[in-house]
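This is what each chain is made of:
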Amino acid sequence: MNSERYKLGWQKLAQIDGEQGEKVIQAMENIAPDFARLLIEFPFGDIYSREALDLKSREIATIAALAAMGNAAPQLRVHIHGALNVGCSPQEVIEVMMQMAVYAGFPAALNGLFAVQDVLQERGLSPDSAPLPSKQSLSTLAGGYFATAELEITDASRIEETKAALKQLCEQTRTEPGCRLFELHENPDEPTQLLLWECFATEVDFHKHHAMDYTKAYLEQGLTQVKHLYHSDLVR
């Protein structure tokens, strides 16, 4: 589980599919842990990490293939999330599904469009929403120290106060010399669940951020707790 392929694959999985992909791996680990390892090492550690195509191009190809197959609806929804995570706009994903009517038939295109509709509703997006700048930039970062923090708001009566404090922390952190990315994402279906995407030039910069007075002041409030933290060097 500690091979370089596995580490690189896990980092790519977090970059592309985030929580959706991690749920798939966790579910598979209960049935076939060796297969879960292979899912991380081969598709994400070997293929997705190749340099000839960027992640956005790879996800467009993936959702087109899954839609054309017509029998992979769960995987299609996961990778629609992934396409949005790495810079596709909802309209671009919709266009991919419409293209499938020409080469895979109208049933495949319709099913693909319904899958897009489900994902957009889950994320609270409209077909005209712009790409998320933070997720888009993840696919173009040249390197750095990358972290994904799954946060839980500790007091449901202080949700808005907590989000306001976190957004202020984001604004302060983005001014740090070593900060390349620091973005908060909310889950419309679970108001107490948050996702923080971070990328710093080096691991040293990552730790410097946590030593900042404003970071320590936020942590001392106890507004959130870390449910999961994934981090690695961001390799292109």
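Residues numbered from 1 in each chain as written. Predicted model: local features only at pLDDT ≥ 70, side-chain atom pairs only at ≥ 80, totals over all residues. Heavy atoms only, no water.

Peer 1: Would you take a moment to explain the environment of Met 28 for this structure?
Peer 2: Within the secondary structure, Met 28 sits in helix α2 (residues 18-29). As for Met 28 and Leu 39, which are separated by 11 residues in sequence, their C-alpha atoms are 9.4 Å apart. In contact with Met 28, other than residues within four places in its own chain, are Pro 33, Phe 35, Ala 36 and Leu 39. (Helix = DSSP H or I, 4+ residues; strand = E, 2+ residues; numbered from the N terminus. Contact = heavy atoms within 4.5 Å.)

Peer 1: In this structure, what is going on with a nonpolar patch on the surface? I would like to understand it.
Peer 2: A cluster of nonpolar side chains, contributed by Phe 106, Leu 110 and Phe 114, occupies part of the molecular surface with about 350 Å² of accessible area. By the element assignment, Leu 110 lies in helix α7 (residues 106-123). (Patch = residues over 30% accessible without salt bridge, like charges linked within 9 Å, V, L, I, M, F, W, Y side chains within 5 Å. Areas by Shrake-Rupley, 256 points an atom, 1.4 Å probe, with all protein chains shown as cover. Salt bridge = Lys/Arg side-chain N within 4 Å of Asp/Glu carboxyl O.)

Peer 1: What's the story with the pairing of strand β3 (residues 193-200) in this structure? I'm lost.
Peer 2: Taken residue by residue, a regular strand's side chains alternate between the two faces of the sheet. The buried fraction of β3 is high, at eight of eight residues. Of the two faces of β3, the one carrying Gln 193, Leu 195, Trp 197 and Cys 199 and the one carrying Leu 194, Leu 196, Glu 198 and Phe 200 are both buried. Examined bridge by bridge, strand β2 (residues 179-186) and β3 share seven bridges and lie antiparallel to one another. Across the sheet, Glu 186 pairs through a bridge with Leu 194, a residue of β3. Taking the residues that link successive antiparallel strands as the turn, the β2-β3 hairpin has six residues. (Buried < 20%, exposed > 50% of the residue type's maximum accessible area, 1.4 Å probe, protein only. Pairing = 2+ DSSP bridges.)

Peer 1: Please clarify how helix α5 (residues 73-85) should be interpreted in this entry.
Peer 2: Turn by turn, an α-helix covers 3.6 residues, leaving residues three or four places apart pointing in a common direction. In a regular helix each residue adds 1.5 Å, so 13 residues correspond to 18 Å; α5 covers 18 Å between its end C-alpha atoms and thus fits that length. Residues Leu 76, Val 78, His 79, Ile 80, His 81, Gly 82, Ala 83, Leu 84 and Asn 85 constitute the buried set of α5. (Expected span 1.5 Å × (residues − 1).)

Peer 1: Just to check I follow, could you spell out the packing of α5 against α7 for this structure?
Peer 2: Angle between the axes and distance between the axes: these two values describe a pair of packed helices. The geometry of α5 relative to α7 is characterised by a closest axis approach of 9 Å and an angle of 60° between their N-to-C directions. Put simply, α5 runs oblique to α7. Of the two elements, α5 crosses α7, and the hand of that crossing is right-handed. Of the residues in α7, those in contact with Leu 76, Arg 77, Ile 80, His 81, Leu 84 and Asn 85 of α5 are Gly 112, Ala 115, Val 116, Asp 118, Val 119, Leu 120, Glu 122 and Arg 123. Here the contact of α5 with α7 is built from residues that sort into seven nonpolar, three polar and four charged. (Axes fitted to C-alpha atoms, helices over the stretch in contact; angles between N-to-C directions. Parallel < 35°, antiparallel > 145°, perpendicular 65-115°, else oblique. Left-handed = near helix turned anticlockwise from the far one by under 90°. Nonpolar A, V, L, I, M, F, W, Y, C, P; charged D, E, K, R; others polar.)

Peer 1: What exactly am I supposed to notice about the side chain of Thr 148 here?
Peer 2: Summarising the element assignment, Thr 148 is placed in strand β1 (residues 144-153). Leaving out residues up to four positions away in the same chain, Thr 148 has contacts with Ala 14, Leu 195, Leu 196, Trp 197, His 228, Leu 229 and Tyr 230.

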